[in-house]
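# Breakdown of the fold
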Protein chains: 2
Amino acid sequence: MDPAVVGRRVRALREERGISLSTLARLAGVGKATLSGLEHGTRNPTLETLWAVTAQLGVPLTAVLTEPAAGPTVHGTAVTATLLEVFTDTDATYELYRMRVAPGVTQLSPAHAPGVTEHVTVFAGVLCAGPADAPLTAPAGGHLRWVSDVPHSYATVGDEEVAASLLLRYPRR
Amino acid sequence: MDPAVVGRRVRALREERGISLSTLARLAGVGKATLSGLEHGTRNPTLETLWAVTAQLGVPLTAVLTEPAAGPTVHGTAVTATLLEVFTDTDATYELYRMRVAPGVTQLSPAHAPGVTEHVTVFAGVLCAGPADAPLTAPAGGHLRWVSDVPHSYATVGDEEVAASLLLRYPRR
DNA sequence: CATCATCGTTCCGTAAACGGAACAGTCGGG
DNA sequence: CCCGACTGTTCCGTTTACGGAACGATGATG
């Protein structure tokens, strides 16, 4: 955990809001020296200090402590997916992703293990996805499901980026 | 942010692993006094200290800084839902929840605004949910969808707790 | 019972994070 | 130009979190 990274995030958040270091320090009730050192990563801040600052910025502590993308992120040619949650059950393991599909490109993904299914709920845009030889289409608000033990594809319909949630279900072997 | 809460989580995580305060302090390279004070909430730990301890426990910093359920949590008679993500689009707003339904109780929820739809994907257990007068049923791996502008219900089928993801779609009025 | 190990807490000197003040640099107005 | 208001950084005395050692309590062993 690099304190310099935390510092950069704090500074970025502050500058997004267009407020000065002096102002934020005063609002958060910390010394300017403290905030300056924190943003530079030259100090090793106390929880209390970090809390005061992030609270004033209106973000949770985790916003500066974790990567902007909370989970591991998978980048493909068209698809960017970040893992939101993993759920393990006696019968299967589920992985819940937030997914974005860039327009104009079709991404082909190889087959998963037998029995793996994908559920997609579209937030925005129109998604065309599913088995490569018989893809399905869903508009915003729609839902797709397919068994992904065959090669499958993802693409947008139209120029709009697609936002969706993707649920991968891996049956216990 | 209550340092006592952080302390309790650290202590809980340590005791889950069955290791002593002395041992964890040695492994994490911090003083026993430091760890003792941290667990009691009588100290105001430094990021470095907290990082050393949580890393040794094998959990991310956020595990002790945020609620066990990361987002705002809604508790009902049978349903506990925690907000994972909010997505706002030009057409609609989506809220993605992780949901648990306790067995043996049926929860009735009042109607939402017109056009609001719910998508549920079941992780574990068997869920019976939907419009109160015509609920639907889905086993683990299944998916339900209904328009929730009428009163609707949630209940498990059988004695097993249901785990699921719930997506609420609010069309822009 | 005596002994030893380990438990978690408390004491204490040191190192460092803290807030306030002083500092140089920059912009805008009279 | 000069001045005031502001920016962010640096200096400094005070506060406090730090690790190590000492402590009493507990449990296992001979």
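Before going into details, it helps to say that this report is about the structure given with it. Note that the coordinates shown come from a computational prediction; the quantities given were computed from them, not determined experimentally. (Residues numbered from 1 in each chain as written. Chains lettered and ligands numbered in written order. Predicted model: local features only at pLDDT ≥ 70, side-chain atom pairs only at ≥ 80, totals over all residues. Heavy atoms only, no water.)

## Digging into the sheet that holds strand 6 (residues 127-131) of chain A
Residues and elements named next belong to chain A. Rules: At least two bridges found by DSSP between two strands are what make those strands a pair. Put simply, DSSP H or I for four residues or longer makes a helix, DSSP E for two residues or longer makes a strand, and each gets a number counted from the N terminus. Lines fitted to C-alpha atoms define the axes, with helix axes restricted to the stretch in contact, and inter-axis angles between N-to-C directions lie between 0 and 180 degrees.
As summarised here, the arrangement of the four strands in space is 4-9-6-7, forming an open sheet in which the pairing is antiparallel. Across the chains shown, the open sheet's two edge strands, defined by having one partner strand only, are strand 4 (107-109) and strand 7 (136-138). For this sheet, the mean angle separating the axes of adjacent strands, direction not counted, is 20°. In this structure, strand 6 lies alongside strand 9 (residues 152-156), joined through five bridges in antiparallel fashion. Across the sheet, Cys128 pairs through a bridge with Ala155, a residue of strand 9.

## Topic: the protein's contact with DNA strand C
Just so we agree on the cut-off: For this purpose, a residue is taken to be near a molecule or strand whenever a single non-hydrogen atom of the residue falls within 4 Å of it. Here a polar contact is recorded for every N or O atom pair within 3.5 Å, except that within protein the pair must consist of a potential hydrogen donor and a potential acceptor, and residues adjacent in sequence are included only if both atoms are side-chain atoms. Gly falls in the polar group here, along with every residue not listed as nonpolar (Ala, Val, Leu, Ile, Met, Phe, Trp, Tyr, Cys, Pro) or charged (Asp, Glu, Lys, Arg).
Surrounding DNA strand C, one finds 20 residues, the nearest of these being Thr34(A), Thr49(A), Ser20(B), Leu21(B) and His40(B). At the protein interface, 66% of the atoms of DNA strand C within 4 Å belong to sugar or phosphate. The contact in question runs from a phosphate oxygen of DNA strand C to an N or O atom on the side chain of Ser20(B), over 2.6 Å. Elements with a contribution of two residues or more to the surface near DNA strand C: helix 3 (32-40) of chain A together with helix 1 (3-16), helix 2 (21-28) and helix 3 (32-40) of chain B. Top contributing element to the surface near DNA strand C by residue count: helix 3 of chain B, with four residues. Taken together, the residues that form the surface near DNA strand C break down as five nonpolar, 11 polar and four charged.

## Structural notes on the protein's contact with DNA strand D
Around DNA strand D sit 20 residues in total, of which Ser20(A), Leu21(A), His40(A), Thr34(B) and Thr49(B) are the nearest. Considering DNA strand D, the proportion of its atoms within 4 Å of the protein that are sugar or phosphate atoms stands at 66%. One of the side-chain N or O atoms of Arg11(A) is found 3.4 Å from a phosphate oxygen in DNA strand D. Residue Arg43(B) places a side-chain N or O atom 3.4 Å away from a base oxygen belonging to DNA strand D.

## Digging into the pattern of salt bridges
Residues and elements named next belong to chain B. To keep it simple, the criterion reads: For this analysis, a salt bridge means a side-chain nitrogen from Lys or Arg found within 4 Å of a carboxyl oxygen belonging to Asp or Glu. Classification of residues uses two cut-offs on accessible area relative to the type maximum, computed with a 1.4 Å probe and protein chains only: under 20% is buried, over 50% is exposed, and between them is partly exposed.
The final tally for this structure, using the stated rule, is eight salt bridges over all chains. One salt bridge connects Glu39 with Arg14, and the closest N-O pair in it is separated by 2.7 Å. Remark: Arg14 occurs in helix 1 and Glu39 occurs in helix 3; sequence separation between them is 25 residues. The buried category is assigned to Glu39, whose relative accessible area is 5%. Linking Glu16 and Arg17 is a salt bridge whose minimum nitrogen-to-oxygen distance equals 3.7 Å. Given a relative accessible area of 62%, Glu16 falls into the exposed group.

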